[in-house]
Amino acid sequence: MLGLLLTIIIAIIIGIIGSAIAPGGMPGGILGAMIAGLVGAWIGHALLGKWGPVIADMAIVPAIIGAAIFVFLLSLISRGLRSAT
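This text gives an overview of the structure that appears in the document. (Residues numbered from 1 in each chain as written. Predicted model: local features only at pLDDT ≥ 70, side-chain atom pairs only at ≥ 80, totals over all residues. Heavy atoms only, no water.)

1. A few points about the packing of helix H2 (residues 29-48) against helix H3 (residues 60-84)
Convention followed: Interaxial angles span 0 to 180 degrees and are taken between N-to-C directions of axes, which are lines fitted to C-alpha atoms, for helices over the stretch in contact. Numbering of helices and strands starts at the N terminus; helices are DSSP runs of H or I of at least 4 residues and strands are runs of E of at least 2. Each angle gets one of four labels, with under 35 degrees taken as roughly parallel, over 145 as roughly antiparallel, 65 to 115 as roughly perpendicular, and the rest as oblique. Less than a right angle of anticlockwise turn of the near helix away from the far helix marks a crossing as left-handed, whereas a clockwise turn marks it as right-handed. In what follows, a contact means two residues having at least one pair of non-hydrogen atoms within 4.5 Å. Charged means Asp, Glu, Lys or Arg here, nonpolar means Ala, Val, Leu, Ile, Met, Phe, Trp, Tyr, Cys or Pro, and polar covers whatever is left, Gly included.
Here H2 crosses H3 at 115 degrees, and the two axes come no closer than 6 Å. When the interaxial angle is binned, H2 and H3 end up roughly perpendicular. Relative to H3, the crossing made by H2 is right-handed. In this structure, H2 contributes Ile35, Ala36, Val39, Gly40, Ala41, Ile43, Gly44, His45, Leu47 and Leu48 to the contact, and H3 contributes Pro62, Ala63, Ile65, Gly66, Ala67, Ile69, Phe70 and Val71. Across the contact of H2 with H3, the residue classes break down as 14 nonpolar, four polar and no charged.

This is the structure:
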C-alpha cells in the first residue's frame, strides 16, 4: 500500500515538472499531472530505458522527458480538435 502511494506521489511530481517543461500545459490539475507522470514514465522507459536516479521503480529523468513528450502531444491533439470545430 505504501509503494502505491509513493508511486502516485512521484507520478504527480513528474507530471507537474513535465507539464511545466512542455508548451501548452496539462489540463486536469492533480489528476491530469498524475496521468501525465504515469504515462510519461512508460514513454520515457520505452524510448530511453532506465537510467538516472530511480524512485518508486521509475527512472526520474526518462519519466520527466516522457511526461513532457506526452503533454506536448496532448496539447497538439487538443489544438487540432479545437481548430477543426
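So that's the structure; there's more coming.
2. Thoughts on helix H1 (residues 2-21)
This is how it is decided: Every helix has an expected span of 1.5 Å times one less than the residues it contains. Categorising residues by exposure relies on relative accessible area from a 1.4 Å probe, with only protein chains included: less than 20% of the type maximum marks a residue as buried, more than 50% marks it as exposed, and the intermediate range marks it as partly exposed.
Between its first and last C-alpha, H1 extends 29 Å over 20 residues, near the 28 Å set by a 1.5 Å rise per residue. Among the residues of H1, Ile10, Ala11, Ile12, Ile14, Gly15, Gly18 and Ser19 are the ones counted as buried. Structurally, H1 contributes buried residues whose contacts are with H2, strand S1 (54-55), strand S2 (58-59) and H3.

3. Details of unusual backbone geometry
Leave glycine aside and you will find that most residues have negative phi; peptide bonds, for their part, are mostly trans. Within the chain, Ala56 stands out as a residue other than glycine whose phi angle is a positive 55 degrees. The backbone of Asp57 shows a phi angle near 60 degrees, a positive value even though the residue is not glycine. Tracing the backbone through its elements, the reader meets Asp57 in the loop between S1 and S2. Judged by its relative accessible area of 61%, Asp57 is exposed.

4. Section: a nonpolar patch on the surface
To be explicit about the condition: Residues with no salt bridge and a relative accessible area higher than 30% make up the patches, which join like charges within 9 Å and nonpolar side chains (Val, Leu, Ile, Met, Phe, Trp, Tyr) within 5 Å. Using the Shrake-Rupley algorithm and a 1.4 Å probe, accessible areas are obtained, with residue cover drawn only from the displayed protein chains. Whenever a carboxyl oxygen of Asp or Glu lies within 4 Å of a side-chain nitrogen of Lys or Arg, that contact is scored as a salt bridge.
Together, Leu47, Leu48, Trp51, Ile65, Ile69, Phe72, Leu73 and Leu76 give the surface a local cluster of nonpolar side chains, amounting to about 690 Å² of exposed area. Residue assignment for the nonpolar patch shows that the elements contributing at least two residues are H2 and H3. For Leu48, a relative accessible area of 37% translates into the label partly exposed.

5. Considering the nonpolar core
Worth spelling out the cut-off: Joining through side-chain atoms within 4.5 Å is the link that ties buried Ala, Val, Leu, Ile, Met, Phe, Trp, Tyr and Cys residues into a set, and such a set is a nonpolar core.
Counting eleven residues, the largest nonpolar core is built from Ile10, Ala11, Ile12, Ile14, Met34, Ala41, Met58, Ile60, Ala63, Ile64 and Ala67. Residues within four places of Ile60 in sequence aside, it is in contact with Ile10, Ile14, Pro53 and Ile55. Membership of the second largest hydrophobic core comes to seven residues, among which are Met26, Ala36, Ile43 and Ala68.

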